[in-house]
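Summary of the model geometry
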Amino acid sequence: MIPSVHTGTGPCIELRRLHRFFGKTKAVNDISFSVDPGHVFGYIGPNGAGKTTSMRILATLDLPSYGDAFVDGFSVVNDPEYVRRRLGFMPDSFGTYRDVNCREYLDFFARAYGLSGDDRLRRLRWVLSFTGTEGMAEKPIRGLSKGMKQRLCLGRALIHDPAVLILDEPAAGLDPRARIQLRRMIRELADRGKTILISSHILTELAEICDTVGIIEQGQLLATGSVEQIQHQQASHRDLKIRILQRADQAARWLEPLDQVDSVVVDGELVRFEFHGDIREQADLVAKLCGEGFLVAEIESHKKSLEDVFLQVTEGLVQ
Ligand SMILES: Nc1ncnc2c1ncn2[C@@H]1O[C@H](COP(=O)(O)OP(=O)(O)OP(=O)(O)O)[C@@H](O)[C@H]1O
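Residues numbered from 1 in each chain as written. Predicted model: local features only at pLDDT ≥ 70, side-chain atom pairs only at ≥ 80, totals over all residues.

**So, the domain arrangement of the protein**
Threshold: Boundaries between domains were set according to an automatic or database domain assignment.
Under the domain assignment, the protein is made up of domain 1 (13-226) and domain 2 (236-302). Between the C-alpha centres of domain 1 and domain 2 the distance comes to 47 Å.

Following this line, the structure appears as C-alpha cells:
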C-alpha cells in the first residue's frame, strides 16, 4: 500500500542540478531546491521561465538533459513507476474528454490507478465533495465552466490520494472568487499533509498559501525562501517620508550627500527620499537626524510591494 502522506524524514520533492535543453534553449539550467513534507512551494516566473518543463520532468513526462529530480528520495529517471504512484499532476491545459461526464472521467482515472470496489467509490465520493463538483457529477465535461474544469482537473490529480501534488498554474483563467476557493483547497490539502509544488506568473497570487517560494527566470532559480525572506532580501530600497518641524530644507541638505540616500525632495515640512538600507539602518538615520537637532515629528516608510520585488528579481527576459 502506497502511503498518502510522506512518511520519511528527508525532503518530499527535490530537484538536484536539473537541466533540460531544447536545442540551444536552456529551458531548465541548473535548478536545485527541495520541499519539505506538508509544505507548499510556490514556483513563480514569467512566461517561458522553465516552470512547466521542470514540473513535467517531476511528473515523469519528460527526462532531464542532466541532473535528476526525486520524490520521497526516488529518482524520476530511475524509478518513474514509484514516482507516478506518489504524485498527482495537474497540467496547465485540460485534456479533451468532452463527451464523458465528471463521474465517468474521475472513475476512469481511479481505475487506471488500480482502485477498485468500495475503495474506488469512497475515493470518488470524497474527490467530488472536496472539489465541490458533486452537483456536476452527471454533467458532460463539454458543458463545464473554466472554473469547474479546473476543479475536476484537481480532482483527477487527487483521485489516487497522492502524497505529492504538482499543480501547473491551476489558477490561470479563474475569476477572483474561484481563485480564493482554489487557494483554500490547496491550503487544506497541505494541512492534511500533502506536499505541493504550485506554479504561477504572479507572486502575490501565491504569497498567502506558500511556505516557500522560488523565483525562476530563463531556466534559473534567482531567489528562494519564504515570501518575507525574499521581500526582506530584496527590499533594500524604501521610500521614506519624514516630517521635520522647522529647518526641513537644512535637513534635506544634510541628507543629500549620504551614500544611502537618493532623490531628496522637500515639500514644506516634508522631506521625501529613497533610502537604500534595512530597517536598522533606517533607525540609525533617524537617530542621527535627531542628534543633529532636527525635530523629527513623523516618519512614513514604504517597503517594496511583492509586485515590485518580483519585477526587481526578474528582468523580463524571454528566451
Ligand atoms: N518541447 C519543447 N521544444 C522546444 N522548446 C521548448 C519545449 N518545451 C518548452 N520549450 C521552451 O523552453 C522554455 C521554457 O518553457 P516552459 O513552458 O517550461 O516555461 P514556463 O515557465 O512554464 O512558461 P509559461 O508560464 O508561459 O507556461 C521556453 O523557451 C519554451 O519555448
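**Topic: the sheet that holds strand 6 (residues 87-90)**
We apply this condition: Should DSSP find at least two bridges between two strands, the strands are regarded as paired. For helices the rule is a DSSP run of H or I covering at least 4 residues; for strands it is a run of E covering at least 2, with both sets numbered from the N terminus onward. Lines fitted to C-alpha atoms define the axes here, with helix axes fitted over just the stretch in contact, and angles between the N-to-C directions of these axes take values from 0 to 180 degrees. Contact between two residues is assigned whenever their backbone-derived C-beta positions fall within 7 Å.
The strand order 6-7-8-3-9-10 describes an open sheet built from six strands, whose pairing is mixed. In this open sheet, the two edge strands, each paired with only one partner strand, are strand 6 and strand 10 (220-225). With strand direction ignored, the average angle separating the axes of adjacent strands in the sheet is 15°. Sheet topology note: the strand 3 (residues 40-44)/strand 9 (residues 212-217) ladder contains four bridges and is parallel. In the sheet register, Phe41 faces strand 9, and the bridge partner there is Thr212. Of the strands in this sheet, strand 6 and strand 7 (164-167) touch helix 5 (residues 146-158), which is tilted by about 160° from strand 6. Where helix 6 (residues 176-191) meets the sheet, it contacts strand 3, strand 7 and strand 8 (195-200), and its direction lies at approximately 155° from that of strand 8.

**Section: helix 5**
Let me state the cut-off plainly: In a helix, the anticipated span is given by 1.5 Å times the number of residues less one. The burial label depends on the number of other C-beta atoms within 10 Å of a residue's C-beta. Counts of 20 or more mean buried, 12 or fewer mean exposed, and intermediate counts mean partly exposed, with C-beta atoms placed from the backbone.
The end-to-end C-alpha distance of helix 5 is 18 Å, a good match for the 18 Å that 13 residues give at a rise of 1.5 Å each. Residues of helix 5 that are buried include every one of Gln150, Arg151, Leu152, Cys153, Leu154, Gly155, Arg156, Ala157 and Leu158, and no others. Close packing links the buried residues of helix 5 with strand 6, helix 3 (102-112), helix 4 (117-130), strand 7 and helix 6.

**Looking at the site of the ligand**
Definition in use: Nearness rests on one distance test: the residue's C-beta atom, set from the backbone, must lie within 6 Å of the molecule or strand.
Residues in contact with the ligand amount to 14 residues; listed here are only the nearest, Phe22, Ala27, Asn47, Thr52 and Thr53. Contributions of two or more residues to the shell around the ligand are made by strand 2 (25-35) and helix 1 (51-58).

**Focus: the environment of Arg272**
Mapped onto the secondary structure, Arg272 falls in strand 13 (residues 270-275). Given 15 C-beta atoms within 10 Å, Arg272 falls into the partly exposed group. In this structure, the C-alpha to C-alpha distance between Arg272 and Glu300, residues 28 residues apart in sequence, is 9.4 Å.

**Let's talk about unusual backbone geometry**
Phi is positive for Arg17, close to 45°, though the residue is something other than glycine. Judged by the 12 C-beta atoms lying within 10 Å of it, Arg17 falls in the exposed class. Although it is not a glycine, Gln218 adopts a positive phi angle of roughly 50°.

**A word on the pairing of strand 1 (residues 13-22)**
Pairing of strand 1 with strand 4 (residues 66-71) involves five bridges; the strand directions are antiparallel. By the bridge assignment for strand 4, Arg16 is matched with Asp68. In the sheet, strand 1 pairs with strand 2 via eight bridges, with the strands oriented antiparallel. Within strand 2, the residue paired with Leu18 across the bridge is Ile31. With antiparallel pairing between neighbouring strands as the criterion, strand 1 and strand 2 make up a hairpin whose turn holds two residues, including Gly23 at a positive phi of roughly 60°.

**Structural notes on the sheet that holds strand 14 (residues 295-302)**
Taken together, four strands build an open sheet; the order of strands is 12-13-11-14 and the sheet is antiparallel. Unpaired on one side and paired on the other, strand 12 (261-267) and strand 14 mark the two borders of the sheet. Strand-to-strand twist in this sheet, taken as the mean axis angle between neighbours without regard to direction, amounts to 20°. The pairing of strand 11 (residues 238-245) with strand 14 spans seven bridges and is antiparallel. In the sheet register, Leu240 faces strand 14, and the bridge partner there is Ser301.

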